[in-house]
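The primary structure of each chain is shown beneath.
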Amino acid sequence: RSLLPKPIVTSYSILPYKSKELKEYCKEKEIIDLQNVPTKFLNEKHNHKNIQEAHKTDKPWFSKNLKNVFKDFSFPFYFMDFETVTQGVPIIKGTKPYYHLPFQWSVHKLESIDKEIKLNDAESFLDFEDQDIERKFIESLLKALGEKGTIFAHNATGTEIKILEKLKEKDSCKDLSGKIDNLINRVEDSAIIAKHNFYSPLMNGDWGIKSIIKAIPGSSVSYDEKDNIEGGIGAQLAWFICTDPKTTQKERQQQINLLKEYCSKDTLAIYDLVKYLIN
């Protein structure tokens, strides 16, 4: 019996934004292995060639432009993450069913590149039932982020910026719209930065922060511990547990601790990504 290791085959299915032609060709030719996909089907815009090459050589890819990416960003750097919940039956005034209610944020702050930050250095906001939750959310966030410095959030365009834009429209927050605009103008999407400049075979075609963190040497962030919150759906579930009148105080406190740790992990992971790319 052969004791040689089997060659690792990476499926072409990990490629993001695959064209119809690529999928049809691979189906027709019964291709599974990413390395057997002809170059003509690989989309330059979505980094297909770099992904294929990274898996072929088993080494990360970095763009030639990476050294210029962070030149225009100014310290202090902030790393920001929000959690939201959609309720079928809203318990907060002024919100509709299935409205994305922001109930938690985490922010890590980095004064200069030679500094180090840890999980417990995060500032945070967490509330469940306060009728002025959105006002308190944004007031405390504006205070934590000051008026200067670049703010990094992962997939900010799809989440954090959308939430901030919605808060500007709320009657309870309209007087803060100028300050919120200033904040939005400072936000940089770390997912977009990563997509254009970095890929590791350990990411398996995914630029989500939880996949990226597996590819960053020396990162202390792990989402694999037993009983912890692993993602946004888990955070929503924790919100429902905490707002359930039947939940005991002990159980509620446990969920609060898990939520704070989870959200802080996300912002520390963004810090790890940014620091890795700068170095």
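Before reading further, recall that the structure is shown in the block above.
Note that the structure is predicted; figures quoted are calculated from it, not measured.

### Overview of the overall build of the protein chain
Part 1 of the reasoning: The number of helices and strands found in the protein chain is 10 helices and seven strands.
Part 2 of the reasoning: Going through the 279 residues of the protein chain one by one, you find that 48% of them count as buried.
Part 3 of the reasoning: For the protein chain, contacts bridging at least 24 residues in sequence account for 69% of all contacts bridging at least 6.
Part 4 of the reasoning: A total of about 15,700 Å² of accessible surface is found on the protein chain, and carbon and sulfur atoms cover 50% of it.
Part 5 of the reasoning: Here the protein chain carries 41 positive and 41 negative side-chain charges, and the mean point of each set is 4 Å from the other.

### Here's the deal with the sheet that holds strand β5 (residues 151–153)
Part 1 of the reasoning: Spatially, five strands are ordered β4-β3-β2-β5-β6 in an open sheet, and the strand pairing comes out mixed. Every other strand in the sheet has two partners, leaving β4 (123–126) and β6 (187–189) as the edge strands with one partner each. Between one strand axis and the next, the sheet turns by 25° as a mean value, whatever way the strands run.
Part 2 of the reasoning: As defined by bridge partners, strand β2 (residues 77–86) adjoins strand β3 (residues 100–110) across 10 bridges and the pair is classed as antiparallel. What sits directly across from phenylalanine 79, in β3, is histidine 108.
Part 3 of the reasoning: Sheet strands in contact with helix α7 (residues 190–197) are β5 and β6, and its direction is about 40° off that of β6.
Part 4 of the reasoning: Here helix α10 (residues 249–278) sits on the sheet and contacts β2, β3, β4 and β5; the angle it forms with β2, its principal contact strand, is near 140°.

### Digging into the packing of aromatic side chains
Part 1 of the reasoning: What the rule picks out here adds up to 18 aromatic pairs.
Part 2 of the reasoning: With centroids separated by 5.7 Å and ring planes inclined at 80°, the aromatic side chains of phenylalanine 70 and phenylalanine 73 adopt a geometry described as edge-to-face.
Part 3 of the reasoning: Here the guanidinium or amino end of lysine 265 rests over the ring plane of tyrosine 223, the centre of that ring lying 5.8 Å away.

### A few points about the nonpolar core
Part 1 of the reasoning: Ranked by internal contacts, the top residues of the largest apolar core, which has 84 residues, are Phe70, Phe79, Met80, Ile138, Leu141 and Phe152.
Part 2 of the reasoning: The dominant element in this core, judged by the number of residues it contributes, is α10, at 11 residues.
Part 3 of the reasoning: Beyond its immediate chain neighbours, meaning those up to four positions away, phenylalanine 152 contacts Phe70, Phe73, Phe77, Tyr78, Phe79, Met80, Glu188, Ile193, Ile270 and Val274.

### Points about the environment of threonine 10
Part 1 of the reasoning: Inspection of the secondary structure puts threonine 10 in the segment before α1 (20–28).
Part 2 of the reasoning: Sequence-wise, threonine 10 and leucine 258 are 248 residues apart; in three dimensions their C-alpha atoms are separated by 34 Å.
Part 3 of the reasoning: When residues no more than four places from it in sequence are discounted, the contact partners of threonine 10 are Ile32, Asp33, Leu34, His55 and Asn204.
Part 4 of the reasoning: Polar side-chain contacts of threonine 10 include one of 3.5 Å to the side chain of histidine 55.

### Re the pattern of salt bridges
Side chains that differ in sign of charge can pair as their charged atoms come close.
Part 1 of the reasoning: Enumeration according to the criterion identifies 12 salt bridges in this entry.
Part 2 of the reasoning: For lysine 109, the salt bridge is made with glutamate 111, and the minimal N-O distance between the two is 3.4 Å.
Part 3 of the reasoning: Assessed through its relative accessible area of 37%, lysine 109 is described here as partly exposed.
Part 4 of the reasoning: Assessed through its relative accessible area of 45%, glutamate 111 is described here as partly exposed.
Part 5 of the reasoning: For aspartate 266, the salt bridge is made with lysine 210, and the minimal N-O distance between the two is 3.4 Å. Here the residue aspartate 266 occupies a position in helix α10, and lysine 210 occupies one in helix α8 (residues 209–212), the gap between them amounting to 56 residues.
Part 6 of the reasoning: By sharing partners, the salt bridges in this structure join Arg135, Glu139 and Asp175 into a single network.

### Some details on the pairing of β2
Part 1 of the reasoning: By the criterion of burial, β2 is predominantly enclosed, with 10 of the 10 residues buried.
Part 2 of the reasoning: Relative to β5, β2 is paired through two bridges, and the arrangement is parallel. When the sheet's bridge partners are listed, tyrosine 78 is paired in β5 with isoleucine 151.

### Observations regarding the side chain of threonine 267
Part 1 of the reasoning: Structurally, threonine 267 can be placed in helix α10.
Part 2 of the reasoning: By relative accessible area, threonine 267 is classed as buried at 0%.
Part 3 of the reasoning: Here serine 264 takes part through its backbone oxygen, which lies 3.1 Å from a polar atom of the side chain of threonine 267.
Part 4 of the reasoning: In this structure threonine 267 touches Phe79, Met80, Asp81, Ser106, Val107 and His108, once residues within four positions along its chain are discounted.

Definitions and cut-offs
Residue indices begin from 1 for each chain and proceed along its sequence in written order. Per-residue local features of the predicted model are confined to residues with pLDDT of at least 70, and side-chain atom pairs are confined, for both listing and counting, to 80 or more; whole-chain, interface and lining totals are unaffected and use all residues. With hydrogens and water stripped out, all remaining heavy atoms of the structure feed into the side-chain values. For the purposes of this entry, the term helix denotes a DSSP run of H or I that reaches at least four residues, the term strand denotes a run of E that reaches at least two, and both are numbered from the N terminus. Residue burial is assigned from relative accessible area. The probe radius is 1.4 Å, only protein chains are included, and a residue is buried under 20% of its type maximum, exposed over 50%, and partly exposed in between. In this analysis, two residues are considered to be in contact whenever any of their non-hydrogen atoms come within 4.5 Å of each other. In this description, accessible areas are obtained by the Shrake-Rupley approach with a 1.4 Å probe, and a residue is regarded as covered only by the protein chains that are shown. A residue counts as positive if it is Lys or Arg and as negative if it is Asp or Glu; His and the chain ends are not included. Taken as the charge location is NZ of Lys, CZ of Arg, CG of Asp or CD of Glu. Pairing between two strands requires that DSSP report at least two bridges joining them. All axes are obtained by fitting lines to C-alpha atoms, using only the stretch in contact for helices, and the reported angles, taken between N-to-C directions, cover 0 to 180 degrees. Aromatic contacts are taken between Phe, Tyr and Trp rings whose centres are within 6.5 Å, Trp giving its six-membered ring; a plane angle under 30 degrees counts as stacked, one over 60 as edge-to-face, and the others as tilted. Counting as a charge over the ring demands two things of the Lys NZ or Arg CZ atom: a distance within 6 Å of the ring centre and an angle within 35 degrees of the ring normal. By convention a nonpolar core is built from buried Ala, Val, Leu, Ile, Met, Phe, Trp, Tyr and Cys residues, the set being connected through side-chain atoms within 4.5 Å. Within 3.5 Å is the distance limit for a polar contact, defined as a pair of N or O atoms, with the added protein rule that one can donate a hydrogen and the other accept it, and that residues adjacent in sequence qualify only through two side-chain atoms. Salt-bridge detection follows one rule: a side-chain nitrogen of Lys or Arg within 4 Å of a carboxyl oxygen of Asp or Glu.

Interpretation note: all reported values are geometric properties and have no functional meaning in isolation.
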